[in-house]
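# Overview (structure and organization)
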Amino acid sequence: MKKRWLFILSIVLLGVVMRSTFTTIPVVIDNVANTFGLPVSQLGILTTLPLLTFAVVSPTTTFFTKRFGIEKTLLAALLFVLVGSIARIVSAPMLFIGTILVGIGIAFINVLLPATLVKFTPNKIGVYTSLYSTTMTLMTAVFQIIAVPITKTFSWQMLVVFITVIVLLVVVTWIAHMLVNTDPELDKAVTQTTHTTTRKINPWRNKYAWSLLVMAGIQSAVFYTSIAWVPTIAQRTGVTAIQSGWVIGVLSLIGIPVSMWVPSFLERSSYKGRRTLMTGATGLWLLAILMMFNQHAGLVWWLIVTAFIGIGGTAVFVYMVTSYAIRTRNANESSALSGMAQTGGYLIAAGAPWAYGVLYAQLNNWILQTAVMAVAIVVFIILMWFSERDKTIFE
């Protein structure tokens, strides 16, 4: 690449917007509801909409990359995020439409970023995965922290404008990268190869790809459910509302060093090393879920629980996104595998926090649904041992 720093800056900025564009609004949902005169209950879907969009849109990525290439498709995805982000401040209907547009764009980015790393940095996948996953984890926490102060000082609309400006910066940086670092002749050759090989790659008929699909679903379902309900459960056992904010903050922040180190380790390791590391990480996550059964826990207990969730859950997430790159042979395979796994994964995850809440309301406790989460993590470990081998997914 002629200007590697442009590519690095693009990856960092992509990490900034990959989660913050749709996880920040729920923090100030009361203000949004007051502006549009809607009950808060109707806006709860703003968290679910992106996940459902991810599930619907992810399988279409191969269709577009086959025709337009990774860079142009990623640029179009960023434009969807840009338009959708600013549209949310216009009116109540546009709030929902804009959220869907943001979800469409992020769905493409989720799938294409591993493939982008395979194409441009095949020998440093771990380093660059660490770069964007760490940025994503850090900035998600940062935006959740600054959302309320910005809203109180200005408005929630100004918060959205601020996020949209960052998306615009990503668009500009990515266009600059495309103009400077891409080789039209190489892209043409890659596109022709993609046309030839895509027909031979069908992850839906691959048992190892199916394993990753279920694993992606378990990872997303348990992690998003934990973020959604751990603060409520902690308060139920006697933790104050302010303290529950610290609890969820620990969950977000403790994942940062994990996301910095794990991708590079996974890239360097054999399948046996990956198995060992992920067995330990998921075991720690399972321990955290089992600790949630304590109905008389205090603040320190819940800080430990969320620390374990943050370490284990982040390690599992990073393992999944890294696997799409290091367990395939080229960008085409990576895109196909990532699209399939994220389609099913987010479809499984979309209803998990809602189902947990329904059972919580009906049973007036969290025992049964937490037990289901524990069983799901055990299933993840079994599938991980099955799918990890000394070959790529499609060999």
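As the structure is a computational prediction, the values presented were derived from the model and not from experiment.

## As for the overall build of the chain
- Across its full length, the chain carries 16 helices and zero strands.
- In summary, the chain has a C-alpha radius of gyration of 20 Å against a globular reference of 21 Å for 395 residues, a match within 12%.
- Expressed along its principal axes, the backbone C-alpha trace of the chain runs to roughly 60 × 50 × 35 Å.
- Within the chain, the proportion of its 395 residues that are buried is 57%.
- The contacts of the chain with a sequence gap of at least 6 include a subset with a gap of at least 24, amounting to 84%.
- When the accessible surface of the chain is totalled, it reaches about 16300 Å², and 69% of it is carbon and sulfur.

## A look at empty space enclosed by the protein
- All chains considered together, the criterion is met by one cavity of 30 Å³ or more.
- The computed volume of the largest cavity comes to approximately 40 Å³.
- Lining the largest cavity we find Phe22, Ile25, Pro26, Leu46, Arg88 and Thr99.
- The class makeup of the residues in the lining of the largest cavity is four nonpolar, one polar and one charged.

## A word on unusual backbone geometry
- Phi angles above zero are rare outside glycine, and Asn364 is one such case at about 60°.
- The topology assignment puts Asn364 in the loop between helix H15 (352–363) and helix H16 (367–387).

## Some remarks on helix H5 (residues 92–120)
- For H5, spanning 29 residues, the distance from its first C-alpha to its last is 41 Å, which sits close to the expected 42 Å at 1.5 Å a residue.
- When the local axis directions of H5 are compared, the greatest deviation, roughly 35°, occurs at Leu112, which is followed within four positions by the proline Pro114.
- Across the 29 residues of H5, 22 count as buried, placing the element largely inside the fold.

## A word on the packing of aromatic side chains
- Scanning the model with the defined rule gives 14 aromatic pairs in all.
- Between Tyr208 and Phe386, the ring centres sit 5.2 Å apart and the planes meet at 20°, which makes this aromatic pair stacked. With Tyr208 in helix H9 (residues 207–236) and Phe386 in helix H16, this residue pair connects regions lying 178 residues apart in the sequence.
- Pairing Trp229 with Tyr360 gives two aromatic rings, centres 5.3 Å apart and planes at 40°, and the pair type is tilted. Of this pair, Trp229 sits in helix H9 while Tyr360 sits in helix H15, and the two are 131 residues apart along the sequence. Pair check on accessibility: Trp229 and Tyr360 agree, each one buried.

## Structural notes on the confidence of the model for the chain
- Across the chain, the average pLDDT comes to 86, with 94% of residues at or above 70.
- Here residues 193–198 scores under 50 on pLDDT; set against residues more than four positions off or in separate chains, the count is seven contacts.

## Here's the deal with the nonpolar core
- Ranked by size, the top nonpolar core spans 114 residues in total, and within it Ile109 and Trp302 carry the most contacts.
- In terms of residue count, H9 provides more of this core than any other element does, 14 residues in total.
- Not counting chain neighbours up to four residues away, the residues in contact with Ile109 comprise Leu14, Met18, Leu74, Ala77, Leu78 and Val81.
- Ranked by size, the runner-up nonpolar core spans six residues in total, among them Ala115, Val118, Ile125 and Ala331.

Here is what the cut-offs are and how they apply
Residues numbered from 1 in each chain as written. Predicted model: local features only at pLDDT ≥ 70, side-chain atom pairs only at ≥ 80, totals over all residues. Heavy atoms only, no water. Helix = DSSP H or I, 4+ residues; strand = E, 2+ residues; numbered from the N terminus. Rg over C-alpha atoms; globule rule 2.2 N^0.38 Å. Buried < 20%, exposed > 50% of the residue type's maximum accessible area, 1.4 Å probe, protein only. Contact = heavy atoms within 4.5 Å. Areas by Shrake-Rupley, 256 points an atom, 1.4 Å probe, with all protein chains shown as cover. 1 Å grid on protein atoms, 1.4 Å probe; cavity = no way out; pocket = protein on both sides within 12 Å on 5 of 7 lines; lining within 4 Å. Points joined across faces, edges and corners; volume = space filled by probe spheres on them. Nonpolar A, V, L, I, M, F, W, Y, C, P; charged D, E, K, R; others polar. Expected span 1.5 Å × (residues − 1). Bend = angle between axes of the 7 residues up to and from the residue. Phe/Tyr/Trp six-rings, centres within 6.5 Å; stacked < 30°, edge-to-face > 60°. pLDDT = per-residue confidence, 0-100. Core = buried A, V, L, I, M, F, W, Y, C linked by side-chain atoms within 4.5 Å.

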